[in-house]
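For reference, the chains in residue letters:
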Amino acid sequence: MILLKSLKEIAKMMVANRIVAEILEGVKEKVRPGIETQELDELAEEMCRQRRVEPAFKGYRGYPRSICVSVNEEVVHGIPGTRKLANGDLVSLDFGVKYDGYYGDAAITVAVGKVAPEALALMEATEKSLYAGIDQVKVGNHLTDISHAVQTVVEGAGFGVVRDFVGHGIGRSLHEDPQIPNFGPPGRGPALQVGMTLAIEPMTALGSHKVRILKDGWTAVTQDGSYAAHYEHSVALTENGVLILSRL
Ligand code: MF3
Ligand code: CO
């Protein structure tokens, strides 16, 4: 069941998501060679305390930290720890908070120092695919118009789009209906309606889209070891069109 939100609810989600964007920006600024991924987690937690918001991921299905830091072939759900980032790493940061009962969720991919040109191209195509998906969020379209737009951009650039993880509705829960695949034919699924709040999150790979989960039970990596990227925005469909909530 897709839960439609009132403008008042969307306003709260905008606050939650702005805070997510702010914290992601703060963490991004701290990304540099030599930093341990757990230091990024500590910064995200500190920024949550300052803003009196709850990190959304900590404890979610037993996830142990507040942010996901996924390096190179890691696609999503990388757990922060003592690993030090190095020049040339490609790092995806995925973060969410709960504010006044509502969730915010967003992700970005960041280059550490000088990265391989193909990694930069993957980042660019993935971010572009996110915006192509967001452009499809309008009354008259169906859910998989988003999916198809994302896939078209990613595969058009020659990259793989991950199948095993999807975007989702968001609101009073971090994950609500509907699931939003990043691939598939257009024109299917529920009609998009005013009041829908969606987290759109393409996950991509330089090579094959196939992934596997590491023994930690969380970290998803590309099977072929190729670089991965991940961008996510939470958006709302309003009378005035789509509103990107998780933007500064
Ligand atoms: N953006 C990711 C998602 O929607 C974040 C979840 S991480 C978890 O699935 F740790 F909370 F699972
Ligand atoms: Co999400």
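Residues numbered from 1 in each chain as written. Chains lettered and ligands numbered in written order. Predicted model: local features only at pLDDT ≥ 70, side-chain atom pairs only at ≥ 80, totals over all residues. Heavy atoms only, no water.

Trainee: Can you break down the pairing of strand β14 (residues 233–238) residue by residue, with the values?
Mentor: The buried fraction of β14 amounts to six of the six residues, a majority that puts the element mostly inside the structure. In β14, alternate side chains face the same way, and those of H233, V235 and L237 on one face and S234, A236 and T238 on the other are all buried. As judged from the four bridges shared by strand β9 (residues 197–200) and β14, these two strands associate in the antiparallel manner. The residue bridging I200 from the neighbouring strand is H233, located in β14. (Buried < 20%, exposed > 50% of the residue type's maximum accessible area, 1.4 Å probe, protein only. Helix = DSSP H or I, 4+ residues; strand = E, 2+ residues; numbered from the N terminus. Pairing = 2+ DSSP bridges.)

Trainee: How would you explain helix α1 (residues 7–30) if you had to name every residue and give the values?
Mentor: Spanning 24 residues, α1 covers 35 Å between terminal C-alpha atoms, matching the ideal 34 Å at 1.5 Å per step. For α1, the complete set of buried residues consists of I10, M13, A16, N17, I19, V20, A21, I23, L24, G26 and V27. (Expected span 1.5 Å × (residues − 1).)

Trainee: Tell me about the coordination of the cobalt ion (ligand 2), residues and numbers included.
Mentor: Surrounding the cobalt ion (ligand 2) are the protein donor atoms D105 (OD), H168 (NE2), E201 (OE) and E232 (OE), which sit 2.1 to 2.3 Å from the metal. Each of the six donor atoms bound to the cobalt ion (ligand 2) contributes to angles spanning 67 to 172°, and the resulting shape is irregular. Counting the intervening residues between successive donors of the cobalt ion (ligand 2) yields the motif D-x62-H-x32-E-x30-E. Here H168 is found in strand β7 (residues 167–169), whereas its partner E201 is found in the loop between β9 and β10 (203–205), with 33 residues between them in sequence. (Donors = N, O, S within 2.8 Å, 3.2 Å for Na, K, Ca; no water. Tetrahedral: all angles 85-135°; square planar, octahedral: opposite > 155°, others 65-115°.)

Trainee: Tell me what's going on with the sheet that holds strand β15 (residues 241–244), and back it up with residues and numbers.
Mentor: Working definition: the strands of a sheet are paired by backbone hydrogen bonds and lie parallel or antiparallel to each other. A sheet is described by the order of its strands in space; here five strands give the open sequence β8-β7-β9-β14-β15, paired in antiparallel fashion. Either end of the sheet is taken by a strand with one partner, and the two such strands are β8 (176–180) and β15. Each strand of the sheet is rotated relative to its neighbour by a mean of 25°, with strand direction disregarded. Two strands pair when backbone bridges link them, and β7 and β9 are joined in this way by two bridges, in the antiparallel orientation. Looking across to β9, one finds that H168 is bridged to A199. Each of β9, β14 and β15 is contacted by α1, which is oriented at about 160° to β14, the strand it contacts most. Against the sheet, helix α3 (residues 117–135) contacts β9, β14 and β15, and its axis sits at roughly 15° relative to β14. (Axes fitted to C-alpha atoms, helices over the stretch in contact; angles between N-to-C directions. Contact = heavy atoms within 4.5 Å.)

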